[in-house]
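# Chains, contacts and geometry: an overview
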Amino acid sequence: MVELFIQTVFMEHIAPFAVITGASRGIGAEYARALAVQGYDLLLVARDQTRLNQLAREIQQTSSVQVWTEPLDLARPNAAATLYRLAQSYRPHVSLLVNNAGFGLYGLFTDMPLSTIQDMLQVHIHVTTESTRLFLPDMMNQRQGAIINVASVAGFFPIPYMAEYAATKAFIISFSEAVAMEARESEVTIQVCCPGYTKTDFHQTAGHSPRHVSPPHSPHDVVQTSLNALKSHQTLVTIGWQGLATQWITRFMPKKWLTRLTSRFVRPNYPSH
Ligand SMILES: NC(=O)c1ccc[n+]([C@@H]2O[C@H](COP(=O)([O-])OP(=O)(O)OC[C@H]3O[C@@H](n4cnc5c(N)ncnc54)[C@H](OP(=O)(O)O)[C@@H]3O)[C@@H](O)[C@H]2O)c1
């Protein structure tokens, strides 16, 4: 009885704990800043330890939350198990997992190095699926917690010249929506956040200069929309009117037309085209 009392009193004083992948820059770094404001202690994961440490210092200058950083290449086999083990070494209960790490690939599928495609499958599909499998049961037992899987509007339709990127994001959307339904009575929220074109290093890393009809979202807009939607337990989250428009167009336009149109819009300026 006394033990339970002590546990309850102490539990109430332990800050919620969030694990964020791809936190070294862009949208992931913005999740870290916003969650620190909400009082979450943080475990920040990415490959670039220098950037992670800079962000940890920045956050600690403006808030009293605890921030830990772990360099981890999520393209390595069994990265999700390593992530889980690292999280457990800081706190037994994770309140929020943000599977945000990801990267783009742009160009003809047959030109892509097989090893880079394998890295994408590992980071987008294996890490998202395996970490959800590892972190979710404890959240369900606690009847609290949330997982945000960052996909993209690119997952709503096939995208020639970004074939594997769009397909892996489609997997994340389908997977997250299905597991969210299975978990719906557990009080745990599974969200799949689908930003459109957002101003980060993403496109430069992918070697792609997007031609878009509307200005990019800011990482701040993406993260605020995502975290606000957690309050209403929304599963599929898009950003602004652009996200809604993309959702409607891709739902109602015949897939063949959509794919052909997208192909014209996205295709690289190769001399052979
Ligand atoms: N920007 C957009 O227009 C846009 C649109 C829709 C969806 N998204 C999605 O949003 C997410 C975040 O992207 P962003 O726009 O913020 O791009 P970003 O600025 O390039 O950030 C990507 C993050 O992922 C991490 N990452 C990549 N590969 C990794 C690996 N092998 N192991 C560990 N971490 C890795 C990077 O960290 P390190 O390099 O330090 O490892 C970085 O922190 C991605 O899933 C992306 O697909 C972006």
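Residues numbered from 1 in each chain as written. Predicted model: local features only at pLDDT ≥ 70, side-chain atom pairs only at ≥ 80, totals over all residues. Heavy atoms only, no water.

### Some thoughts on the overall build of the protein
- In terms of helices and strands, the protein carries ten helices and seven strands.
- Its C-alpha radius of gyration of 19 Å places the protein within 12% of the 19 Å reference for a compact globule of 273 residues.
- Taking contacts inside the protein between residues at least 6 apart in sequence as the whole, the part at least 24 apart equals 70%.
- Total accessible area on the protein is roughly 14500 Å²; 55% of this is exposed by carbon and sulfur atoms.
- A gap of 11 Å separates the mean positions of the 21 positive and 19 negative side-chain charges of the protein. (Helix = DSSP H or I, 4+ residues; strand = E, 2+ residues; numbered from the N terminus. Rg over C-alpha atoms; globule rule 2.2 N^0.38 Å. Contact = heavy atoms within 4.5 Å. Areas by Shrake-Rupley, 256 points an atom, 1.4 Å probe, with all protein chains shown as cover. Lys, Arg positive; Asp, Glu negative; His and termini not counted. Charge placed at Lys NZ, Arg CZ, Asp CG, Glu CD.)

### Brief notes about the side chain of serine 186
- Structurally, serine 186 is set in the loop between helix H6 (163-182) and strand E6 (189-194).
- Side-chain polar atoms of serine 186 contact the backbone oxygen of alanine 183, separated by 2.6 Å.
- Setting aside anything within four residues of it in sequence, one finds serine 186 in contact with Met140, Arg143 and Gln144. (Polar contact = N/O pair within 3.5 Å; in protein donor to acceptor, adjacent residues only side chain to side chain.)

### Remarks on a positive patch on the surface
- On the surface, Lys256, Arg260, Arg264 and Arg267 cluster together to form a positively charged patch.
- Its location among the elements puts arginine 264 in helix H10 (residues 255-266).
- On the accessibility criterion, arginine 264 (58% relative accessible area) is exposed. (Patch = residues over 30% accessible without salt bridge, like charges linked within 9 Å, V, L, I, M, F, W, Y side chains within 5 Å. Salt bridge = Lys/Arg side-chain N within 4 Å of Asp/Glu carboxyl O. Buried < 20%, exposed > 50% of the residue type's maximum accessible area, 1.4 Å probe, protein only.)

### What about the layout of surface pockets?
- Computed from the structure, the second largest pocket encloses a volume of approximately 570 Å³.
- Elements that contribute at least two residues to the lining of the second largest pocket include exactly helix H5 (114-142) and helix H8 (219-231).
- When grouped by side-chain class, the residues that make up the lining of the second largest pocket number 14 nonpolar, eight polar and five charged. (1 Å grid on protein atoms, 1.4 Å probe; cavity = no way out; pocket = protein on both sides within 12 Å on 5 of 7 lines; lining within 4 Å. Points joined across faces, edges and corners; volume = space filled by probe spheres on them. Nonpolar A, V, L, I, M, F, W, Y, C, P; charged D, E, K, R; others polar.)

### Observations concerning the site of the ligand
- The ligand sits among 30 residues. The nearest are Ser24, Arg47, Asn100, Tyr165 and Thr200.
- Asparagine 100 is positioned with one of its backbone polar atoms (N or O) 2.8 Å from an oxygen atom of the ligand.
- For the ligand, the protein covers 96% of the area, taking 880 Å² as the surface of the free molecule.
- Among the elements of the structure, helix H2 (26-37), H6 and helix H7 (202-206) are those that each provide at least two residues to the shell around the ligand.
- A class-by-class count of the residues in the shell around the ligand yields 14 nonpolar, ten polar and six charged. (Near = heavy atom within 4 Å.)

### Structural notes on the sheet that holds strand E7 (residues 236-238)
- The seven strands are arranged E3-E2-E1-E4-E5-E6-E7 in an open sheet whose pairing can be described as parallel. In this open sheet, the two strands that pair with only one neighbour each are strand E3 (67-71) and E7. Across this sheet, the average inter-strand angle for adjacent strands is 15°, counted without regard to direction.
- Summarising the sheet, strand E5 (residues 146-150) and E6 pair through five bridges and their orientation is parallel. Directly across from alanine 146, in E6, lies its bridge partner threonine 189.
- The sheet contacts of H5 involve strand E4 (96-99), E5 and E6, and relative to E4 the element is tilted by about 175°.
- Running over the sheet, H8 touches E4, E5, E6 and E7 and is turned about 155° from E6. (Pairing = 2+ DSSP bridges. Axes fitted to C-alpha atoms, helices over the stretch in contact; angles between N-to-C directions.)

Any functional reading would require information that these geometric values do not contain.
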